[in-house]
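# What the coordinates show
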Amino acid sequence: MIRLGSAPARGAVGERKPRRDGEQPCPRVPEQSRGTGSAPGPGAPAPRSPRRLAGAAAGLGARVAVRLGEAPLTLVLLVGLWAVGAATGSLGRGPSGALLEQVGVGTPTLGAGRWWTPFTSLFWCSGTGAYVFTSLLLLLVAPAAERRLGPLRTLGVVVAGQLAGTLAGTGVVAAGAAFGEQWTASVVGQTAVGPGVGLFALAGVLGYRLTVLWRRRLHLLVVLVPLVMTLYVGHLQSVQRFSGALAGLAAGALLTRGRPHLRSHRSSHTETRVLVALCLVAAALGPLIASLYDNAAGPFNTFSEIYLSHRLSPDEVADFCAVSAHDCARAHAVERIFDTPARLMAALFPALLLVLAEGLRRGLRLAWRITVATELLWAAMLVWLFTESGTGSGGAFQYVVEALLLPLLTAGLLLATRKRFPLRLPRAVLGRLAAVLGGALVLAGAAYTGLGVLVAGQFEPGATFGGLVAGLPAQYLPPAYNDLLPDYPIAVGPFARILETYCGPAFWAVALGALLMVFRRPVVHVDAEDAARARTLLTEHGGGTLSFITTWDGNHYWFDEDGRAAVAYRVLNTVALTTGDPFGEPEARARAVAGFARYCDARGWTPCFYSVTPETRAAAGQLGWRSLQVAEDTVVALPGLAFTGRKWQDIRTALNKAGKQGITAEWWSYDEAPLALKEQIRAISEEWVSEKGLPEMGFTLGGLEELADPAVRLLVAVGEDRTVHGLTSWMPVYENGETVGWTLDFMRRRSEGFRGVTEFLIASAALGFKQEGARFLSLSGAPLARSEKEPPTGLQKTLDWLGRALEPVYGFRSLLAFKAKFQPEYRPMYMAYPDPAALPSITRAIGKAYLPHLTPAQGVRLMRKLSA
């Protein structure tokens, strides 16, 4: 139950402990089934028997042993920590009181002149749980640090971080207590031990030596873990660990200052969502972690029962019984909940936050709205509790302000990142979700009230329908909210207790399960039926080399009267911008240009066919439209392909080097790829995005989200140690129901990986597709880049200038020059438009399509690069 009448007791002297405690033989290309568009079978792992699983576990253990053998400092620190603990009898409950006074660090020991304690605190932990946690942290951080920093630097960082963190943390607590801050005053007398302070500092420094993706994730965890412990547990050691983490981050920033590859840029939308979701997970787990500690004293723990209900103590039960017999019965009813399955209701709000974190990770607007509403509701409840209690003392007000920080900061973070959560669920899905939630709510309520009336005598006092309706909120809320609710009948009989035990949990099991299923289901087009119809038309009849991008999210579809051809488009600032050529039956594609133009005219839109072939350009020209070359497709014929002769020297070199270095090309479907491969792919992509300092482009350029289509095939360059050096994705090109070619879309390589990996991957893909019988391979078009065979018009000269200006940022011309290594046929791609006066709005629409999430700061950065 939530009570504000008196401030909770906080902290005692001493650290509290948890209760629990690449002409040469070309690389082998796996055999694939032709025309399916799916990843071949050999790329996917076969089901494993128990014996194989045991062998895999043994292999994993052997690899861990090898890693540890390469990290001698880690082994020395680990063995030394446990040896010292065993020799002094400290493994169970930490150092004895007398030893703690000599080796522990805190205000009491530093005040007594024991200046060595910041260093000696390295060699002990406060108990069995702390020894296990510290050992795991050491094994996770130290081996990687030894490889990247070296043993001596690693040791130096640990020691320096321990000294800085313990001194800074102790100083913060002492200063807060001197100013009368109640939380710090309650822990100022504690003394702490443990090398976790130095290890968190080491993790902060190590993050600067990792890729962008993992640097961000590690740094976030380095801050979040000790911060959550500080805010909820609140012990001195938590403050010292947080101070050590900040010291490590600051030291790492100073040591790597001036290195261009370590400049901080905005993260991608996907990674931002992951980071925000991690913050919400931390807010959900904080109260659960605090519940493992005796007498947690953190400032956010004051009103922790709003998030996690606790069993009433005997004294609290006695207090309620002293008020009235009915209050006594309610207290015993709440106490009884913790002896039944209904005790799961105590962790309802942490469970809700974890489900919402999954929705945020996927960028869903619905999850964002629910989370913001929940946080604001909790903030309002805290204020109401304070005002209702009638307690106006400064101490109680301080507790409320401290507790308000968490929901308000979380809501502020969500509001600041709201544009990163644009994905909306289809109305049909929302309707089904509402029906499930509403139905579960009504059924649970009807069961409680309807069946309760039938056993009215098993309630005290005797239950009426109105009284049971008044008791419904108590069934749907955690136990701690019981005393905030009006009186209701208390279950005393067996069947009444079954209703009281299961009605609320049943509703929330359905509600959380339904939310999780909806959040985890892929977000499809707004009009899924049109999307499926367009995909069928594309698969049966085909289109251009880029027509597969019409299946991506964000497109709307226009179909001709006979349903024989379609156009994918998006409307931006009254401009209907198409995604490539019309697709469908070949005879109907040219007519579709005029049909789509009439469709747009009827709605007041300006049509613009973008990245289209000469055939579409000619059809638009018959309407009196103008055209402009905006890109150049590069197509490699496969039937006679052979990497022989001087012009293929670079490709042969890449294939040779890959073979010598043990790098192979593996076909995968993204969704079926092992988690370790997918995590590396995400990390490589995030690094590429971050190095640009500008958002990843979209529209005709795919990203990570487009890899998930099962028709897209992924070719990954993997080393002998399963390190991903680079990857390419390939989209099918259809004709008469068959796959006749493949188009390159996604292309990334690891910055410190095999240098010729892209040439190796494209060459391997070409050989594989040739073996399957494909006619051609398209290396796709590079925007704002062309071979300049045609004399440019005035406007074309402007676009050529823009392509040169953007070259340092996105490298389109370098990309076109790179593709020349594969001796392709160059095919111009055009933009066709009806009215030159509409070019300014068309230009804005194209820019918004490619960079829909460009922020003002990124726009300024882009202009600076253009002016430079």
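Residues numbered from 1 in each chain as written. Predicted model: local features only at pLDDT ≥ 70, side-chain atom pairs only at ≥ 80, totals over all residues. Heavy atoms only, no water.

The next point concerns the overall build of the protein chain. Check the secondary structure of the protein chain and you find 31 helices and 14 strands. By the burial criterion, 53% of the 868 residues in the protein chain qualify as buried. For the protein chain, the exposed surface amounts to about 38,300 Å²; the carbon and sulfur share of it is 61%. (Helix = DSSP H or I, 4+ residues; strand = E, 2+ residues; numbered from the N terminus. Buried < 20%, exposed > 50% of the residue type's maximum accessible area, 1.4 Å probe, protein only. Areas by Shrake-Rupley, 256 points an atom, 1.4 Å probe, with all protein chains shown as cover.)

For the structure on display, the rule yields one disulfide. Residue pairing for C321: its cysteine sulfur links by disulfide to C328, the two sulfurs lying 2.0 Å apart. Judged by the sign of its S-S torsion, about 60°, the cystine formed by C321 and C328 is right-handed. Overall, C321 belongs to the partly exposed group, its relative accessible area being 28%. Given a relative accessible area of 17%, C328 falls into the buried group. (Disulfide = S-S within 2.5 Å.)

Take the pattern of salt bridges next. This model, assessed by the stated rule, comprises 12 salt bridges. Residues R564 and E585 are paired through a salt bridge, measuring 2.7 Å at the closest nitrogen-oxygen approach. With R564 in the loop between β3 (556-559) and β4 (565-572) and E585 in the loop between β6 (583-584) and α23 (586-602), this residue pair connects regions lying 21 residues apart in the sequence. With a relative accessible area of 24%, R564 lands in the partly exposed category. (Salt bridge = Lys/Arg side-chain N within 4 Å of Asp/Glu carboxyl O.)

As for its placement among the helices and strands, W183 is situated in helix α8 (residues 182-187). Along the sequence, W183 and H235 sit 52 residues apart, while their C-alpha atoms lie 9.4 Å from each other.

What follows concerns the packing of helix α6 (residues 128-149) against helix α7 (residues 151-178). α7 packs onto α6 with a crossing angle of 125° between their chain directions and a minimal axis gap of 7 Å. For the element pair α6 / α7, the angle class is oblique. In this structure, the crossing between α6 and α7 has a hand that is right-handed. Taken together, the residues of α7 that come into contact with α6 (itself represented by A145, E146 and L149) are P151, R153 and T154. (Axes fitted to C-alpha atoms, helices over the stretch in contact; angles between N-to-C directions. Parallel < 35°, antiparallel > 145°, perpendicular 65-115°, else oblique. Left-handed = near helix turned anticlockwise from the far one by under 90°. Contact = heavy atoms within 4.5 Å.)

Turning our attention to the nonpolar core. Formed by 62 residues in total, the largest nonpolar core has its most connected members in L360, Y448, F459, F507, W508 and F519. Contributing elements (two or more residues each) for this core: α10 (212-233), α12 (269-290), α15 (348-361), α16 (365-389), α17 (394-416), α18 (427-454), α20 (472-476) and α21 (494-520). By residue number, the principal contributor to this core is α21, which donates 11 residues. Not counting chain neighbours up to four residues away, the residues in contact with F459 comprise Y448, G452, L468, P489, I490, A491, V492 and A496. If you look at the next biggest cluster of nonpolar residues, it comprises 37 residues, including A631, Y734, A838 and A845. (Core = buried A, V, L, I, M, F, W, Y, C linked by side-chain atoms within 4.5 Å.)

Time to look at the environment of V187. Here V187 lies in helix α8. Residue V187 is classed as buried on the basis of its relative accessible area of 0%. The sequence separation of V187 and T107 amounts to 80 residues, and the corresponding C-alpha distance is 9.7 Å.

For the structure shown, the criterion picks out 20 aromatic pairs. When the ring of F596 is compared with that of Y599, the centres are 6.3 Å apart and the planes differ by 25°; the resulting orientation is stacked. One end of the pair, F596, and the other, Y599, are both in helix α23, three residues apart, so they sit about a helical turn from each other. Since its relative accessible area comes to 0%, F596 is described here as buried. Their ring planes at 75° and their centres at 6.0 Å tell us that Y599 and W605 sit as a pair that is edge-to-face. The exposure class of W605 is partly exposed, given its relative accessible area of 22%. Members of the aromatic cluster, each reached through a chain of ring pairs, are W558, Y569, F596, Y599, W605, F609 and W625. (Phe/Tyr/Trp six-rings, centres within 6.5 Å; stacked < 30°, edge-to-face > 60°.)

All right, on to the pairing of strand β8 (residues 626-637) then. Most of β8 sits out of view: nine of its 12 residues are buried. Pairing between β8 and strand β14 (residues 825-833): nine bridges, direction antiparallel. Looking across to β14, one finds that R626 is bridged to Y833. Here four bridges tie β8 to strand β13 (residues 776-781), and the two strands are oriented antiparallel to one another. (Pairing = 2+ DSSP bridges.)

The buried fraction of strand β7 (residues 606-612) amounts to six of the seven residues, a majority that puts the element mostly inside the structure. Taken together, the three bridges between strand β5 (residues 575-578) and β7 define a ladder with parallel strand orientation. Looking across to β7, one finds that L577 is bridged to C608.

Atom-level detail of predicted coordinates should not be read off regions where pLDDT is low. Chain-level pLDDT for the protein chain is 81 on average; 80% of the residues reach the 70-or-more range. Overall, residues 1-48 carries pLDDT values under 50, and its contacts beyond four positions in sequence, including any with other chains, amount to 139 contacts. (pLDDT = per-residue confidence, 0-100.)

Next up on the list: the packing of α10 against helix α11 (residues 236-255). Direction vectors running N to C along α10 and α11 enclose 155°, while the axes themselves pass 8 Å from each other. Classed by the angle they form, the pair α10 and α11 counts as roughly antiparallel. Crossing angle aside, the handedness with which α10 passes α11 is left-handed. For the pair formed by α10 and α11, the contact residues are H219, V222, V223, P226, L227, M229, T230 and V233 on the first element and S238, V239, R241, F242, A245 and L249 on the second. Of the residues assigned to the contact of α10 with α11, the class counts are 10 nonpolar, three polar and one charged. (Nonpolar A, V, L, I, M, F, W, Y, C, P; charged D, E, K, R; others polar.)

Next up on the list: unusual backbone geometry. One non-glycine residue, N736, lies in positive phi territory at about 55°. Secondary-structure assignment places N736 in the loop between β11 (724-735) and β12 (738-749). Classification of N736 as exposed rests on a relative accessible area of 59%. One non-glycine residue, Q823, lies in positive phi territory at about 50°. Here Q823 lies in the loop between α29 (812-819) and β14.

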